[in-house]
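Summary of structural features
Listed here are the chains, written in short residue letters.
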Amino acid sequence: EGVKLTKHKSLPLLRSIYSTKHHHPADYLGLLWDFPLATEIEPNLRIQENVRTLNEHTSFVHTVYQPVWPSAARDFSSVVHWRLLRNGQDDIALCLVAFSCPEAAKLKPPQENHVRGTLNVSMHVWKQTPGGGCIHTRILSFDLNGAMPKPLVQTIHHQQATLPS
């Protein structure tokens, strides 16, 4: 409720999520599990499922992506863990970290006709601001595995170098 998603005008791969009212950092966690909204944030996302809940903060998750020409479709099997960070009595941030792990991969074998990617790390931090909003930071590192055409790899590296830091 009150959360909007916009695409950056000159860099369409960038998305902004903003709120028209005050939200606690934990409210944003639901955005990652809201599949229709997640596909707006990541248009190539095809399936995202919680394979097993280990406790209220930790789950095994399976994520499947559409193929992007000229490469094959990819899937990832990872463990996801989140925590609310506090400063005394005040909640100040929410941190979520995910990475590939063998236990998750055993529960969900690779999708047929997909290459199993390796998620080195996906880290999200939602930090409260004095004005009542949150700043979201994401750090992402993965290995697509499998064969990738050299011109495609060069293009991706060139595009990544032009993204704002």
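The notes below deal with the structure included here. (Residues numbered from 1 in each chain as written. Predicted model: local features only at pLDDT ≥ 70, side-chain atom pairs only at ≥ 80, totals over all residues. Heavy atoms only, no water.)

1. Brief notes about the pattern of salt bridges
To be explicit about the condition: Whenever Lys or Arg places a side-chain nitrogen within 4 Å of a carboxyl oxygen from Asp or Glu, that contact is recorded as a salt bridge. Put simply, DSSP H or I for four residues or longer makes a helix, DSSP E for two residues or longer makes a strand, and each gets a number counted from the N terminus. Here the term buried applies to any residue with accessible area under 20% of the maximum for its type, exposed to any over 50%, and partly exposed to those in between, with areas from a 1.4 Å probe on protein chains only.
All chains considered together, the criterion is met by two salt bridges. The shortest N-O distance in the salt bridge between Glu49 and Lys108 comes to 3.1 Å. Of this pair, Glu49 sits in strand E3 (residues 45-55) while Lys108 is found in the loop between helix H3 (102-107) and strand E7 (114-116), placing the two residues 59 residues apart along the sequence. Taking relative accessible area as the criterion, Glu49 reaches 29% and is therefore assigned partly exposed. For Asp75, the salt bridge identified is with Arg116, shortest N-O distance 2.9 Å. Residue Asp75 is found in strand E5 (residues 73-87), and its partner Arg116 is found in strand E7; the two are separated by 41 residues along the sequence. Judged by relative accessible area, Asp75 falls into the buried class, the value being 0%. Owing to a relative accessible area of 18%, Arg116 belongs among the buried residues under this scheme.

2. A few points about the packing of aromatic side chains
Inclusion rule: Under the pairing criterion, centres of Phe, Tyr and Trp rings, with the six-membered ring standing for Trp, must be within 6.5 Å; the plane angle then separates stacked pairs below 30 degrees from edge-to-face pairs above 60, leaving the rest tilted.
If you walk through the whole model with that rule in mind, you get two aromatic pairs. Geometrically, the ring pair formed by Tyr65 and Phe76 is edge-to-face, given 5.9 Å between the ring centres and 85° between the ring planes. Here Tyr65 is found in strand E4 (residues 58-65), whereas its partner Phe76 is found in strand E5, with eleven residues between them in sequence. Like Tyr65, the residue Phe76 is buried in the burial classification. Judged by centre distance (6.2 Å) and plane angle (80°), the rings of Phe76 and Phe142 are edge-to-face. With Phe76 in strand E5 and Phe142 in strand E9 (residues 134-143), the pair connects residues that are 66 residues apart, well separated along the chain. Here Phe76 falls in the buried class, since its relative accessible area comes to 9%. By way of ring pairs, the aromatic residues Tyr65, Phe76 and Phe142 are connected into one cluster.

3. So, the pairing of E4
Put simply, the test is: Two strands qualify as a pair provided that DSSP identifies no fewer than 2 bridges between them.
Along E4, eight of the eight residues are buried, which leaves the element largely enclosed by surrounding structure. Where E3 lies against E4, eight bridges are found, and the strand directions are antiparallel. Each residue of the ladder has a partner; that of Glu49, found in E4, is His62. In this structure, E4 lies alongside E5, joined through eight bridges in antiparallel fashion. Pairing of Ser59 across the sheet is with Val80, part of E5.

4. Side note on the environment of Pro70
We apply this condition: Any pair of residues with heavy atoms lying within 4.5 Å of one another is described as a contacting pair.
Here Pro70 lies in the loop between E4 and E5. As for Pro70 and Met148, which are separated by 78 residues in sequence, their C-alpha atoms are 8.2 Å apart. Once residues lying within four places of it in the same chain are set aside, the contact partners of Pro70 are Pro149 and Leu152.

5. Details of the environment of Gln48
Mapped onto the secondary structure, Gln48 falls in strand E3. By relative accessible area, Gln48 is classed as partly exposed at 25%.

6. Describing the nonpolar core
As a reminder, the rule being used: The definition of a nonpolar core used throughout is a set of buried Ala, Val, Leu, Ile, Met, Phe, Trp, Tyr and Cys residues joined through side-chain atoms within 4.5 Å.
Ranked by internal contacts, the top residues of the largest apolar core, which has 15 residues, are Leu29, Val80, Trp82, Leu94, Leu96 and Trp126. Mapped by element, the contributors of at least two residues to this core are helix H1 (25-33), E4, E5, strand E6 (90-100) and strand E8 (118-128). It is E5 that contributes the most residues to this core, four residues altogether. For Leu29, the contacting residues outside a window of four places in its chain are Trp82, Leu94 and Leu96.

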